[in-house]
Structures are given as C-alpha cells and as structure tokens.
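These are the residues of each chain, in order.
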Amino acid sequence: QVQLVESGGGLVQAGGSLRLSCVVSGRTLSSTIMGWFRQAPGAEREFVARVTKFGITAHADIVKGRFTISRDNAKNTVYLQMNNLRPEDTAVYYCATSLTLLARKADEYDYWGQGTQVTVSS
C-alpha cells in the first residue's frame, strides 16, 4: 500500500521561508515521479513542481526562482523548499506520486498525501 505523509506547513510572514517534506512508503522514490500541487479555497488544484526518477525537475512559472523541489532517495522523501513566500501562495499543499513520465496534470498522479496547510500573512 502506497502512503504519502506531508509535513512542514504553517503560518509565515510574506518574504519568509518554509520547507515541506513528504515521506513515501510502499513505492520506491527512485522509480517514480514525485510532484507537489496546491489548492487554495475555491480554486482548482494546481501544479507546483515535480522531480522525475532521473532527478530532472520542473517548476510552475509562478514559483520558479522561489521554490525548489528535491528528493532524498535514501530517505524516500521529497522536499519543497519555499522562499520569498507571498500571500497568494496560501493553500493546502499536496505531494503525489506518478508512474507517468513527465506527469504534470493532477489526474496523472495516482497516490496523494493528506495535504499540509501553508498560510502566508501580509
């Protein structure tokens, strides 16, 4: 059974930083695509970043230069370092896993974590 558990969310002031973690069990990180998505109230879930099993990363334009996805295969954990946070980054952040190469759409990911709340105050 594949399980994903996120942590690291919280309340931070604009300009601050947070690092989200996602521990994966039941699937080897080195064989899967890992992604981060977010969903603000009343909005659709949107792609934030992904890292392939080859270590190739991609970030949404809106977070490029501020957020960085990375992974530690030995710990079966994926991270999202978020710097220079803005109030519009406020959302529930989800990690997810996919076996689809270069997956970017939410429906290409088959297992999801429960989400962690990130709130950025102005």
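Please refer to the structure higher up on the page.
Scope of this entry: the structure provided in the associated data block. (Residues numbered from 1 in each chain as written. Predicted model: local features only at pLDDT ≥ 70, side-chain atom pairs only at ≥ 80, totals over all residues. Heavy atoms only, no water.)

## Brief notes about the environment of Trp 36
At step 1: Relative to the assigned elements, Trp 36 resides in strand β4 (residues 33-39).
At step 2: Residues Trp 36 and Val 12 lie 24 residues apart in sequence; the distance between their C-alpha atoms is 19 Å.
At step 3: At a separation of 3.4 Å, a polar atom in the side chain of Trp 36 contacts the main-chain carbonyl oxygen of Tyr 79. (Helix = DSSP H or I, 4+ residues; strand = E, 2+ residues; numbered from the N terminus. Polar contact = N/O pair within 3.5 Å; in protein donor to acceptor, adjacent residues only side chain to side chain.)

## A look at the packing of aromatic side chains
At step 1: Inspection of every chain in the model, using the stated rule, returns 5 aromatic pairs.
At step 2: When the centroid spacing of 5.0 Å and the interplanar angle of 80° are considered together, the rings of Phe 37 and Tyr 109 count as edge-to-face. Residue Phe 37 is found in strand β4, and its partner Tyr 109 is found in the loop between β9 (91-98) and β10 (111-112); the two are separated by 72 residues along the sequence.
At step 3: Overall, Phe 37 belongs to the buried group, its relative accessible area being 1%. (Phe/Tyr/Trp six-rings, centres within 6.5 Å; stacked < 30°, edge-to-face > 60°. Buried < 20%, exposed > 50% of the residue type's maximum accessible area, 1.4 Å probe, protein only.)

## Overview of the pattern of salt bridges
At step 1: Tallied over the full model, the rule gives 5 salt bridges.
At step 2: Note that Asp 110 and Arg 27 form a salt bridge whose closest N and O atoms lie 3.1 Å from each other. One end of the pair, Asp 110, is in the loop between β9 and β10; the other, Arg 27, is in the loop between β3 (18-25) and β4, and 83 residues separate them in sequence.
At step 3: Overall, Asp 110 belongs to the partly exposed group, its relative accessible area being 40%.
At step 4: Since its relative accessible area comes to 13%, Arg 27 is described here as buried.
At step 5: When the shortest N-O distance is used, the salt bridge between Arg 38 and Asp 89 registers 2.9 Å. Residue Arg 38 is located in strand β4, and its partner Asp 89 is located in the loop between β8 (77-82) and β9; the two are separated by 51 residues in the primary sequence. (Salt bridge = Lys/Arg side-chain N within 4 Å of Asp/Glu carboxyl O.)

## With respect to the nonpolar core
At step 1: Residues Trp 36, Leu 80, Met 82 and Tyr 93 are the most contacted members of the largest nonpolar core, which totals 32 residues.
At step 2: Breaking this core down by element, the ones donating at least two residues are β3, β4, β5 (46-51), β7 (67-72), β8, β9 and β11 (116-121).
At step 3: When sequence neighbours within four positions are dropped, the list of residues in contact with Leu 80 reads Leu 18, Arg 19, Leu 20, Trp 36, Val 48, Ala 49, Phe 67, Thr 68, Ile 69 and Tyr 93. (Core = buried A, V, L, I, M, F, W, Y, C linked by side-chain atoms within 4.5 Å. Contact = heavy atoms within 4.5 Å.)

## Notes on the sheet that holds β3
At step 1: Read from one edge to the other, the open sheet built from 4 strands follows the order β1-β3-β8-β7, with strand pairing classed as antiparallel. With one partner strand each, in any of the chains shown, β1 (3-7) and β7 form the two edges of the open sheet. Recorded for the sheet is a direction-independent mean angle of 15° between the axes of neighbouring strands.
At step 2: Pairing of β1 with β3, which is carried by 5 bridges, proceeds in the antiparallel orientation. Within the sheet, the bridge partner assigned to Leu 4 lies in β3 and is Val 24. (Pairing = 2+ DSSP bridges. Axes fitted to C-alpha atoms, helices over the stretch in contact; angles between N-to-C directions.)

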